[in-house]
Amino acid sequence: MTGGTNVLVPESALSALEVIRARCGYSSRNQTVERLLHEYVAAQQALEPDQLLVHIATLLRYPLTRSEARTRGASYGKQLRVRCDRELWDTARDFGFHLPGQSVFRGHPDYQARPGTDAILAAIARVEPLDDPNLGPCQVMTRRQARGLWRMAVESTRTAAEREVAEAAHAAAEKRELAIANSDANVTGLTEVERVHDRLKKDVAWHARERFDRVATIARCRLSGDGAGEFLTILDEQDQDSERWEDELARHIVGPGPVGSAGRGATAAWRAERAVQTDDMITWLASTDRSSTPSTFTVRTPGWRLRLPSAWIPTRFAEAVGMPVMWRDHLEAGRVLHLVHDGEHILWPTRIAEDGNTIPVNGFEAVIDEAREFDVRRVIEATLFEQAGPDEDVRFNQRVPVPAHIAHALGLITIERRDLIVAAERASAASQLESERSLRPTMNVDLLFADLETRCCAEEERSNARMAYARGGRAFLRYLKAIDHPVHLSEWLVLSAGVAWTWPGTTLASAVETGDLSDEAVRWLAACTINLQNQALSDDMHDRWNTAAWS
């Protein structure tokens, strides 16, 4: 036994485990769980992806956590300690189901997936159904059926924003079908709004108790009687949008949708738009014919422009063929980004060398080194994000200011200029009235870094502090606390600094391409650019939420 973890399960699962243990003669609950997981994994490995087993509790988000139960005045789940081989547990968890839009690792509590709970409960219920009135008699279903039941709950709880997308997509589909019937040669594939609607149906969804309750209502109505088998067959027809499916769906749409979730629905539509436009961005990026491809691409959500250096091209390999060893080495060394798009491996950024060979873009390793934890598409977008001009959207005209100590450490200004700025900051801080400073706590970054030097902090600590500052205020304060530097933790804290240098470039790609900055400066700039862009995305999504919630 090399691993151990806790899994939230209903009390009925513990009772079922005891029944199985007694019936099979196992010596302990732990042995029972391990044996059931072995059988569960073996059963799942023999099934096609759509036929993998799912426990209905996953769609109900049941059992409730202690905090959820306290809010609703209901019972909460129990922690089951699972001790088994780590490989067995990882495999079982990989077979666990998570709903569209859920995060596997972290996120808002409503959006956190429970693949471990799903695996445990399905493993138990295959052998001994749980005696639980909240789950009903039909507890295990296939993934296709689970997606169908979830989609039915989603369709019957659509908010105004989601209905608007659905209606626009329906109108676009009718227009396209009419054009096809009239042999219009200009008809292309699905329109953008149709693709957004498709994302909302399959990949993107908001999560809240209203939707889990709707699943419970549908399951109680259709999975508890003699018609349960027929209903499961209807759920299997969801991808075909059959007449029976449409009739069943209409039966459960009983109103305009939950008003209180208008903001969640609007941000779900926002995320679906982002997903579609990011796909289009990669299609634009993946073109190897730069002469006929525009050098700029506008991401309409939130509205910024990307600019691609003319010499930067993708290197593509068919997915079925695989990646040559040389490029695999470049990828492992952190010289290029990798993604799979339209059946091809795409390595980026690369360029044509003087000898005609394709090579990685020199200097991009610093960007990759900083952005390893981010999704590749987000890194590409941040690299190509172009600062807006003075007459354009001010939200995207955020020139990167560099404090004096950081600018000197990155080789951007002389030590004499740094010291002049720091001296001016000290004089300014000393002249402020105590009453003025107490209105809102302020931390001067230049004076803080000067203090780090005075304390004889190692260069590694100062370097880490510089990178933490670039990653945002929260990351910076967390780092200062980690090195036991005195810091005033407050949501009202203001970070101030004398601006010693302002990055004059338009894109992070241009900073890499010119080669004027050190690798450390490029990495710092990459962290700062990603942070600013994340803030802009968050602000845009919250604007969408507020507009929907208060309109």
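Scroll up for the structure.
Residues numbered from 1 in each chain as written. Predicted model: local features only at pLDDT ≥ 70, side-chain atom pairs only at ≥ 80, totals over all residues. Heavy atoms only, no water.

Asker: Which residues make up helix α11 (residues 228-236), and what values go with them?
Answerer: In an α-helix, one turn spans 3.6 residues; hence positions three or four apart end up facing the same way. Burial in α11 covers these residues: Ala228, Phe231, Leu232, Ile234 and Leu235. All buried residues of α11 project into a common sector of 155 degrees when viewed along the axis, lining one side. Of the surrounding elements, those touching the buried residues of α11 are β4 (140-142), α7 (143-155), α10 (209-222) and α12 (243-252). (Buried < 20%, exposed > 50% of the residue type's maximum accessible area, 1.4 Å probe, protein only. Helix = DSSP H or I, 4+ residues; strand = E, 2+ residues; numbered from the N terminus. Arc of directions from axis to C-beta. Contact = heavy atoms within 4.5 Å.)

Asker: Mind laying out the packing of aromatic side chains, listing which residues take part and the relevant values?
Answerer: One pass over the structure, following the stated rule, counts eight aromatic pairs. Considering the side-chain rings of Trp312 and Trp348, the 5.5 Å spacing of their centres and the 70 degrees angle between planes classify their relative orientation as edge-to-face. Linking Trp312 in the loop between β6 (304-307) and β7 (313-318) with Trp348 in strand β9 (residues 344-352), this pair joins segments that are 36 residues apart in sequence. Here the two residues Trp312 and Trp348 agree in accessibility, since each one is buried. (Phe/Tyr/Trp six-rings, centres within 6.5 Å; stacked < 30°, edge-to-face > 60°.)

Asker: Just give me the short version of the layout of surface pockets, but keep the residues and values in it.
Answerer: If you roll a probe as big as a water molecule over the atoms, it shows you where there is empty space left. Approximately 510 Å³ is the volume found for the second largest pocket. In this structure, the second largest pocket is lined by 26 residues; those nearest its centre are Arg61, Thr65, Gln112, Ala113 and Arg114. Elements represented by at least two residues in the lining of the second largest pocket include exactly β1 (3-9), α4 (66-72), α5 (86-95), α6 (115-125) and α10. In terms of residue class, the lining of the second largest pocket is made up of ten nonpolar, nine polar and seven charged. (1 Å grid on protein atoms, 1.4 Å probe; cavity = no way out; pocket = protein on both sides within 12 Å on 5 of 7 lines; lining within 4 Å. Points joined across faces, edges and corners; volume = space filled by probe spheres on them. Nonpolar A, V, L, I, M, F, W, Y, C, P; charged D, E, K, R; others polar.)

Asker: Describe unusual backbone geometry, listing the residues and the values that go with them.
Answerer: Between Thr301 and the following residue, Pro302, the backbone shows a cis peptide bond with an omega angle of 20 degrees. Trp348 connects to Pro349 through a cis peptide bond whose omega is 0 degrees. Position of Pro349 among the secondary structure elements: in strand β9. With a phi angle near 50 degrees, Arg61 is a residue other than glycine that sits in the positive phi range. Inspection of the secondary structure assignment puts Arg61 in the loop between α3 (56-60) and α4. Phi is positive for Asp342, close to 50 degrees, though the residue is something other than glycine. Note on placement: Asp342 falls in the loop between β8 (337-341) and β9. By relative accessible area, which is 67% here, Asp342 ends up exposed.

Asker: Explain the environment of Ser551 to me, using residue names and the numbers behind them.
Answerer: By secondary structure assignment, the location of Ser551 is in the segment after α24 (519-550). A relative accessible area of 79% means that Ser551 is categorised as exposed. Measuring from C-alpha to C-alpha, the distance between Ser551 and Ala22 comes to 59 Å, with 529 residues separating the pair along the chain.

By themselves these figures say nothing about function.
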